[in-house]
Amino acid sequence: MPTLRVHDSPADLPADAWNRLLAASPRPTPFMRHEYLQALHDSGSAVAKTGWAPSFLGVWDDDQLIAACPAYLKTHSYGEYVFDWAWADAYHRHGLSYYPKLLVAVPFTPVPGSRLLAVNDEARALLAQALRALAKETEASSLHVLFGDEADQAALAAAGCTARAGVQFHWTAEGDADFAGFLARLQRDKRKKIQQEQRRVRESGVVFEARTGADITTEDWDFFYRCYQQTYREHHSKPYLSRDFFARMASDMPDNWVMFTARRGGERVATSLVALDPERRAAFGRYWGAVEHIPNLHFDACYYQPLAWCIANGYQRFEGGAQGEHKMARGLMPTPTASSHWLAHPSFADAVNDFLAREGEAMSGYIDELGEHAPFKTAKAGS
């Protein structure tokens, strides 16, 4: 008979067993690897002190891990990218506590992929039911599973959760030989704008270099973190991730990163960091920053350089991260995403479910409308 255990650290779950479950999942990503989640914990980035109290679930059949997921009891809604601030405000206005809530997600990482890791659908269903039970046991207001795959959504729907639709913007390979070939497929005005932006960056004296894996030096990581902090300062906030987290990435997952560094006159002026899934040839835009303002540098560092690198290295997908219609003009097309939600309070649950139904219809229409404005000469459907 399978048994459920709740763990307050990823370290309590065997890394090899976790990663085997991930590899067998419908949509694995590097961000769900045990090493990544452990680094978030050990670096102090996602711990109870920062409002992310780990409550990782494992379903065990004797000594075999048959299902698991990263779960957190949250005391705020920061770092999630599926926004429920209005729900929290409604609870507050009615004298109710919205926090803690139970969240299944990769902290600070809006990348779609498998969340409920399991050997089969039966084990995944047990995990979904266990999440509902844990939410009740901990007196959480709600359960939220963010950016899950279709198998996750089906299991959670059977457990009483309601789906919420979203959209991101992703590039998918179309057999271009190089970046010039990609540009040639764009409509003339879109192509000219990108060429003008890149020309202005070059005319400012900026050149780029890309480094991967062990070729990214400690000095590179130090400069990147300086830029990363600067981006948050400009938005009057504090970084979610510590320098120690990135040190652990360099040590434990070096092959999952490519760093683009912009130099002018030999001096570093900006950098962007892209995560890689070499096995599945997918890349994920993550972080960027600059120590001085140079017009159009952001677009080059965050989109054009990574896209050119992906094409040159045979990558099939580049995910641009959360939000941003402006990404369409740069060849990234709308892609549906989904999350799953359950609220304990019956009246609020009814209201939220009604809202999600109406929001879902609007989102479907929005994605269809976006698809009508594809930037390519011959419109292509969203991935």
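I will try to describe carefully the structure that is included in this document. As the structure is a computational prediction, the values presented were derived from the model and not from experiment. Starting afresh in each chain, residues are numbered from 1 along the sequence in its written order. In keeping with the predicted nature of the model, local features appear solely for residues at pLDDT of at least 70, side-chain atom pairs appear and are counted solely at 80 or more, and the whole-chain, interface and lining totals rest on all residues. Calculated side-chain values reflect all of the structure's heavy atoms, with hydrogen atoms and water omitted.

## Let's talk about the overall build of the protein chain
Okay, so step 1: Where helices and strands are cited, they refer to DSSP runs of H or I of at least four residues and of E of at least two residues respectively, numbered from the N terminus. The helix and strand tally for the protein chain stands at 11 helices and 15 strands.
Okay, so step 2: Here the protein chain has a C-alpha radius of gyration of 21 Å; the compact-globule value for 383 residues is 21 Å, and the two agree.
Okay, so step 3: For the protein chain, the C-alpha atoms occupy an extent of roughly 65 × 45 × 40 Å along the three principal directions.
Okay, so step 4: The rule is simple: take the accessible area with a 1.4 Å probe, protein chains only, and divide by the maximum for that residue type; under 20% is buried, over 50% is exposed, in between is partly exposed. In the protein chain, which comprises 383 residues, the proportion classed as buried is 54%.
Okay, so step 5: Residues count as neighbours in contact if any of their non-hydrogen atoms are within 4.5 Å of one another. Restricting to contacts in the protein chain with at least 6 residues of sequence separation, those with at least 24 account for 74%.
Okay, so step 6: Only carbon and sulfur atoms are counted for the fraction: they give 50% of the accessible area of the protein chain, which is about 16700 Å².
Okay, so step 7: Each charge class in the protein chain was averaged separately, 40 positive and 47 negative side chains, and the resulting centres sit 7 Å apart. Our radius of gyration is a C-alpha quantity, and the globule rule it is checked against amounts to 2.2 Å times the number of residues to the power 0.38. Method for areas: the Shrake-Rupley scheme with a 1.4 Å probe, in which residue coverage is limited to the protein chains shown. Charged residues are defined here as Lys and Arg on the positive side and Asp and Glu on the negative side; His and the ends of the chain fall outside this count. Charge placement uses NZ in Lys and CZ in Arg. For Asp and Glu, CG and CD serve respectively.

## Observations regarding unusual backbone geometry
Okay, so step 1: Each neighbour pair has its own omega, and for tyrosine 99 with proline 100 the value is 5°, a cis peptide bond.
Okay, so step 2: With respect to the element layout, proline 100 can be found in the loop between α3 (85-93) and β6 (101-104).
Okay, so step 3: Even without being glycine, glutamate 139 reaches a positive phi, approximately 60°.
Okay, so step 4: Turning to its location among the elements, glutamate 139 is positioned in the loop between α4 (121-137) and β8 (142-145).

## Regarding the packing of α4 against helix α5 (residues 150-158)
Okay, so step 1: Only the contacting stretch of a helix is used when fitting its axis, a line to C-alpha atoms as for every element, and angles between N-to-C directions run 0 to 180 degrees. It is at 8 Å that the axes of α4 and α5 come closest, and there the two elements cross at 55°. The orientation of α4 with respect to α5, classified from their angle, is oblique. Handedness of the α4/α5 crossing: right-handed. From α4, Arg124, Ala125, Ala128 and Leu131 reach across to α5, where they touch Ala151, Asp152, Ala155 and Leu156. An angle below 35 degrees is treated as roughly parallel, one above 145 as roughly antiparallel, one from 65 to 115 as roughly perpendicular, and anything else as oblique. When the near helix sits turned anticlockwise from the far one by under a right angle, the crossing is termed left-handed; a clockwise turn instead gives a right-handed crossing.

## Some thoughts on the sheet that holds strand β1 (residues 3-7)
Okay, so step 1: Strand pairing follows a simple DSSP-based rule, namely that at least 2 bridges must link the two strands. Within the open sheet, the four strands sit side by side as β1-β3-β4-β7. Their pairing is antiparallel. The two strands at the open ends of the sheet, each matched to only one other strand, are β1 and β7 (117-118).
Okay, so step 2: Of the pairings in the sheet, the one linking strand β4 (residues 64-69) to β7 comprises two bridges and is antiparallel in character. Note on β7: the bridge partner recorded for alanine 68 is leucine 117.

## Some details on the side chain of serine 340
Okay, so step 1: One can find serine 340 in strand β15 (residues 333-343).
Okay, so step 2: Excluding its chain neighbours within four sequence positions, the residues that come into contact with serine 340 are Leu143, His144, Val145, Gln153, Leu156, Cys161, Thr162 and Ala163.

## A short note on the packing of aromatic side chains
Okay, so step 1: Two rings from Phe, Tyr or Trp (for Trp, the six-membered ring) form a pair when their centres are within 6.5 Å of each other. A pair whose planes differ by under 30 degrees is stacked, one over 60 is edge-to-face, and the rest are tilted. A full pass over the atoms with the stated rule returns 30 aromatic pairs.
Okay, so step 2: The ring of tryptophan 52 is capped by lysine 74, whose NZ or CZ atom sits 3.8 Å from the centre of that ring.
Okay, so step 3: The criterion is that NZ of a Lys, or CZ of an Arg, lies within 6 Å of the ring centre and within 35 degrees of the ring normal, and then a charge sits over that ring. Its end group placed over the ring of phenylalanine 299, arginine 330 keeps NZ or CZ at 3.8 Å from the ring centre.

## A few points about the sheet that holds β6
Okay, so step 1: Spatially, β2-β5-β6-β8-β15-β9-β14-β13-β12-β11-β10 is the arrangement adopted by the 11 strands of the open sheet, whose pairing is mixed. In this open sheet, the two edge strands, each paired with only one partner strand, are β2 (52-54) and β10 (206-212). Adjacent strand axes in the sheet meet at a mean angle of 30°, parallel and antiparallel pairs treated alike.
Okay, so step 2: As judged from the four bridges shared by strand β9 (residues 162-172) and strand β14 (residues 317-322), these two strands associate in the antiparallel manner. Bridge pairing links tryptophan 171 to phenylalanine 318 in β14.
Okay, so step 3: Seen against the sheet, helix α10 (residues 297-312) touches β9, β10, β11 (257-264), β12 (267-277), β13 (282-290) and β14 and runs at an angle of roughly 50° to β10.

## With respect to the pattern of salt bridges
Between side chains of opposite charge, a pair can form when the charged atoms approach closely.
Okay, so step 1: By definition, a salt bridge exists where a carboxyl oxygen of Asp or Glu is found within 4 Å of a side-chain nitrogen of Lys or Arg. A complete count under the given rule lists 26 salt bridges for this structure.
Okay, so step 2: Residue glutamate 35 is joined to arginine 33 by a salt bridge in which the shortest nitrogen-to-oxygen separation is 2.9 Å.
Okay, so step 3: With relative accessibility at 23%, the residue glutamate 35 sits in the partly exposed group.
Okay, so step 4: Residues joined by salt bridges that share partners form a network here, namely Glu209, Arg211, Asp220, Arg263 and Arg268.

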